[in-house]
Amino acid sequence: MEALTDKVSLVLDGELVEASTGARFDTVNPATGAVLASVAEASADDVDRAVRSGHAAARKWQRMRPSQRARLMVRYAALVEQHGDELALLQTRDMGKPIRESQGIDVPVMVETLEYFAGLITKIEGRTTPAPGRFLNYTVREPIGVIGAITPWNFPAVQAIWKIAPSLAMGNAVVLKPAQLAPLVPAALGELALEAGLPAGLVNVLPGRGSVAGNALVEHPGVGKISFTGSTDVGRQIGRSASDRLITASLELGGKSALVAFGDSSPAVVASVVFQAMYSNQGETCTAPSRLLVERPIYDEVIALVVEKVEAARVGNPEDRETEIGPLVDAAARTSVHSYVTAGVAEGATLAAGSAADPSSAAPGFFYQPAVFTDVTAGMRIAQEEIFGPVLSVLPFEGEDAAIALANDTIYGLGAGVFTRDVGRALRFAQTLDAGNIWVNSWGVLNPASPYSGFRFSGHGSDLGQATIDAFTKEKSVWVRLD
Ligand code: NAD
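The rules behind these values
Residues numbered from 1 in each chain as written. Predicted model: local features only at pLDDT ≥ 70, side-chain atom pairs only at ≥ 80, totals over all residues. Heavy atoms only, no water. Helix = DSSP H or I, 4+ residues; strand = E, 2+ residues; numbered from the N terminus. Rg over C-alpha atoms; globule rule 2.2 N^0.38 Å. Buried < 20%, exposed > 50% of the residue type's maximum accessible area, 1.4 Å probe, protein only. Contact = heavy atoms within 4.5 Å. Areas by Shrake-Rupley, 256 points an atom, 1.4 Å probe, with all protein chains shown as cover. Lys, Arg positive; Asp, Glu negative; His and termini not counted. Charge placed at Lys NZ, Arg CZ, Asp CG, Glu CD. Near = heavy atom within 4 Å. Polar contact = N/O pair within 3.5 Å; in protein donor to acceptor, adjacent residues only side chain to side chain. Domains from an automatic or database assignment. Buried area = accessible area lost by both parts, 1.4 Å probe. Salt bridge = Lys/Arg side-chain N within 4 Å of Asp/Glu carboxyl O. Pairing = 2+ DSSP bridges. Right-handed = clockwise from strand over helix to strand, strands pointing away. Axes fitted to C-alpha atoms, helices over the stretch in contact; angles between N-to-C directions. Parallel < 35°, antiparallel > 145°, perpendicular 65-115°, else oblique. Nonpolar A, V, L, I, M, F, W, Y, C, P; charged D, E, K, R; others polar. Expected span 1.5 Å × (residues − 1).

A.B. asks: For this particular structure, what's the right way to read the overall build of the protein?
C.D. replies: Along the protein, the regular secondary structure elements total 15 helices and 22 strands. Radius of gyration (C-alpha) of the protein: 23 Å, near the 23 Å computed for a compact globule of 483 residues. By its C-alpha atoms, the protein is 75 × 60 × 40 Å across when sized along the principal axes. Within the span of the protein, comprising 483 residues, buried residues form 56% of the whole. Residue pairs in contact within the protein that sit at least 24 positions apart in sequence constitute 74% of those at least 6 positions apart. For the protein, the exposed area adds up to about 18600 Å²; of that, 52% sits on carbon and sulfur atoms. Both charge centroids of the protein, one from 40 positive and one from 53 negative side chains, sit 9 Å from each other.

A.B. asks: Even after reading the chapter, I still don't get the site of the ligand, so can you show me in this structure?
C.D. replies: Within the structure, the ligand sits among 27 residues, and Thr151, Lys177, Ser231, Leu253 and Glu386 are positioned closest to it. The contact in question runs from an oxygen atom of the ligand to an N or O atom on the side chain of Lys177, over 2.7 Å. Between the ligand and the protein, one listed contact pairs an oxygen atom with a side-chain N or O atom of Ser231 at 2.6 Å. Alone, the ligand offers 850 Å² of accessible surface; in the complex the protein occludes 87% of this. Only helix 7 (210-219), strand 10 (225-229) and helix 8 (232-244) provide two or more residues apiece to the shell around the ligand. Looking at which domains feed residues into the shell around the ligand, each of domain 1 (2-253 + 458-481) and domain 2 (258-448) gives three or more.

A.B. asks: Just to check I follow, could you spell out the domain arrangement of the protein for this structure?
C.D. replies: Size of an interface, as often reported, equals the accessible area lost when the parts are brought together. The assigned domain composition of the protein is domain 1 (2-253 + 458-481) and domain 2 (258-448). Between domain 1 and domain 2, the C-alpha centre-to-centre distance is 31 Å. Counting from both sides, the interface comprises 30 residues of domain 1 and, opposite them, 31 residues of domain 2. Both faces considered, domain 1 and domain 2 share a buried interface measuring about 2500 Å² in area, 57% of it formed by carbon and sulfur atoms. A salt bridge links Arg93 to Glu319, with the shortest nitrogen-to-oxygen separation between them at 3.0 Å.

A.B. asks: For this particular structure, what's the right way to read the pairing of strand 7 (residues 146-150)?
C.D. replies: As a general feature of sheets, a regular strand has side chains that alternate between the two faces. Counting buried positions along strand 7 yields 5 of 5 residues, so the element is predominantly enclosed. Bridge analysis of strand 7 against strand 8 (residues 173-177) gives 5 bridges, and the strand direction is parallel. Residue pairing for strand 8: Val146 is matched across the bridge by Ala173. Regarding topology, helix 5 (residues 156-169) serves as the crossover connection from strand 7 to the parallel strand 8, and that connection is right-handed. Summarising the sheet, strand 7 and strand 10 pair through 4 bridges and their orientation is parallel. Bridged to Ala149 within strand 10 is Ser227.

A.B. asks: Looking at this structure, how should I read the sheet that holds strand 5 (residues 35-40)?
C.D. replies: Sheet strands pair by backbone hydrogen bonding; their relative direction is either parallel or antiparallel. The sheet built from 3 strands is open, its strands ordered 1-5-4 with mixed pairing. The sheet is open, and its two borders are formed by strand 1 (7-8) and strand 4 (24-28), each paired with just one other strand. As paired elements, strand 1 and strand 5 share 2 bridges and run parallel to each other. Within the sheet, the bridge partner assigned to Val8 lies in strand 5 and is Val39. Packed onto the sheet, helix 6 (residues 184-195) meets strand 1, strand 4 and strand 5 and runs at close to 55° relative to strand 5.

A.B. asks: I keep staring at the sheet that holds strand 15 (residues 371-374) and nothing clicks. Help me out?
C.D. replies: Strand order in the open sheet formed by 7 strands is 14-15-16-13-12-18-19, and the pairing between neighbours is mixed. Two strands in the sheet have a free side with no partner beyond their single neighbour: strand 14 (350-353) and strand 19 (437-440). Adjacent strand axes in the sheet meet at a mean angle of 20° when their direction is disregarded. Relative to strand 15, strand 14 runs antiparallel, the two being bridged by 3 bridges. For Leu351, the partnering residue across the bridge sits in strand 15 and is Phe373. Sheet strands touched by helix 11 (residues 331-347): strand 14, strand 15 and strand 16 (391-397). Its angle to strand 15, the strand with the most contacts, is close to 25°.

A.B. asks: Help me understand the environment of Leu176, please; the structure alone is not making it clear to me.
C.D. replies: Take Leu176: it is sitting in strand 8. Owing to a relative accessible area of 0%, Leu176 belongs among the buried residues under this scheme. Along the primary structure Leu176 and Gly201 are separated by 25 residues, whereas in three dimensions their C-alpha atoms are 11 Å apart. Apart from the residues within four sequence positions on either side, Leu176 is in contact with Ala149, Thr151, Ala160, Ile164, Pro186, Asn204, Val205 and Leu206.

A.B. asks: Can you help me understand the packing of helix 3 (residues 84-95) against helix 6 in this one?
C.D. replies: When two helices pack together, their arrangement is captured by the angle between the axes and the distance separating the axes. Packing of helix 3 against helix 6 brings their axes to within 8 Å, and their N-to-C directions diverge by 150°. On the basis of the axis angle, helix 3 is roughly antiparallel to helix 6. From helix 3, Leu87, Leu90, Gln91 and Asp94 reach across to helix 6, where they touch Leu184, Val185, Ala188, Leu189 and Leu192. In terms of residue class, the contact of helix 3 with helix 6 is built from 7 nonpolar, 1 polar and 1 charged.

A.B. asks: So what exactly am I meant to see when it comes to helix 9 (residues 267-279) here?
C.D. replies: Along an α-helix, a turn takes 3.6 residues, which lines up residues three or four apart on a common side. The first and last C-alpha atoms of helix 9 sit 17 Å apart over 13 residues, in line with the 18 Å expected at 1.5 Å per residue. Within the sequence span of helix 9, burial applies to Pro267, Val270, Ala271, Val273, Val274, Phe275, Ala277, Met278 and Tyr279. Packing partners of the buried residues in helix 9 comprise strand 12 (258-261), strand 13 (291-295), helix 10 (296-312), strand 15, strand 16 and strand 18 (415-419). Just downstream of helix 9, Asn281 is the residue with a positive phi angle, here 55°.

The structure is reproduced here in structure tokens:
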């Protein structure tokens with residue numbers, strides 16, 4: 001695979017090509033700060049070519065038998081699995097996630113997702129409706145055509161597949177614009193689509209700038225839907241542009257998720273789930289439980305256990321199998337995360353783990369010491385804004401009403417969870433927590449059969465589950481006069 005080398009091309013219309021402008025950018029290994037590869041940087045012209053090739057490919061794809069399409073997608077899944085170790089290492093080098101997560105989570109999730117959507121291809125059905133008089137009325141689900149997919153750098157592999165798989169399953173082609181900070185695995189996935197025998201142009205991968213290639217994709221008249229995952233600010237811009245063009249946009253955006261731990265739950269279990277969910281991927285996870293709300297009776301004990309784990313966390317070379325926390329994605333991310341730690345200290349929260357010292361002189365790489373703030377109050381910036389790094393805010397509460405008010409006191413609504421042994425209370429919280437994904441006595445469980453979407457400023461629409469049948473197709477109503 002070319003994506004494994006130090007010179008990476010666009011995957012466009014079935015070929016690996018230079019950008020029309022000849023432009024390139026470097027992608028950097030955040031653990032060392034060294035250049036990893038030079039990547040072709042797509043222009044608006046490249047986007048135009050890709051969209052045109054996507055339409056031709058989608059027509060070919062749609063003419064194939066559904067079972068044949070399903071078989072090709074299963075072959076694609078098998079190739080991803082076969083190259084799993086290479087893809088995992090590539091992802092870890094490109095964005096810093098510990099290798100054990102890339103290998104143990106991201107690769108199986110990609111394979112499972114492709115297999116799920118391969119299975120869905122043969123189950124897309126229309127309806128007949130109770131038509132009046134001598135009429136037959138039925139509906140058909142038709143592909144949209146070309147899906148414009150734009151993805152972030154924090155889960156570059158999984159996010160690419162979450163867009164590619166539903167697009168293809170519903171008979172569409174896809175033009176994917178991955179994040180500039182982590183384009184290598186998406187480029188590899190474009191190559192593997194070709195190797196699997198998918199028609200040329202069905203999966204185009206165009207690394208480049210959001211403001212150039214991303215914007216050209218959103219504005220292109222040949223794109224029938226945008227599937228975007230990224231920050232709330234960019235998502236809002238894209239939502240506005242899509243609505244101007246009267247196309248739909250699914251928007252999976254930021255979060256500030258609350259995990260509520262009641263006094264009847266086990267402090268040890270809570271601490272271990274929080275450590276895993278909050279600090280995996282260096283905290284660069286949209287559903288990280290970055291607000292931990294703990295009922296007073298177990299507040300001190302949970303904090304002591306979380307702090308103990310955070311202080312013992314193995315931060316270091318992400319390619320080492322023992323590493324639990326790798327580097328942040330770049331220097332700007334580290335500066336931004338550290339500005340929140342500085343703000344938390346200034347706002348009067350207690351820095352129970354971590355350091356307020358300037359991290360920028362620590363070299364090489366963009367490592368950041370994981371942090372825990374206690375005695376946080378709801379109005380503080382560290383309780384409201386997405387930090388997107390290994391910084392946890394812990395807030396105490398007393399009683400259910402206070403907990404639910406605190407948990408929902410955010411502009412976001414991506415994930416939320418409750419730890420309690422009281423079934424009634426668990427179900428009351430599942431009802432009243434205002435977020436798209438609710439976990440009870442667990443955190444972060446996902447499955448391609450289950451929708452995954454946010455509420456409020458965390459966006460809307462899902463790339464998973466059967467909801468994608470509606471989201472990635474158009475429903476046509478056909479009336480037939482019978483006499
Ligand atoms: P980002 O919004 O900066 O970038 C996301 C993508 O949008 C990139 O490919 C970028 O190049 C592109 N882009 C930027 N400006 C654009 C424009 N004007 N037009 C078109 N495309 C443009 O986000 P990021 O920093 O890559 O990722 C981190 C964010 O993603 C966090 O806020 C995180 O919570 C969110 N995220 C959400 C989910 C979810 O499922 N809800 C999952 C992962 C990440």
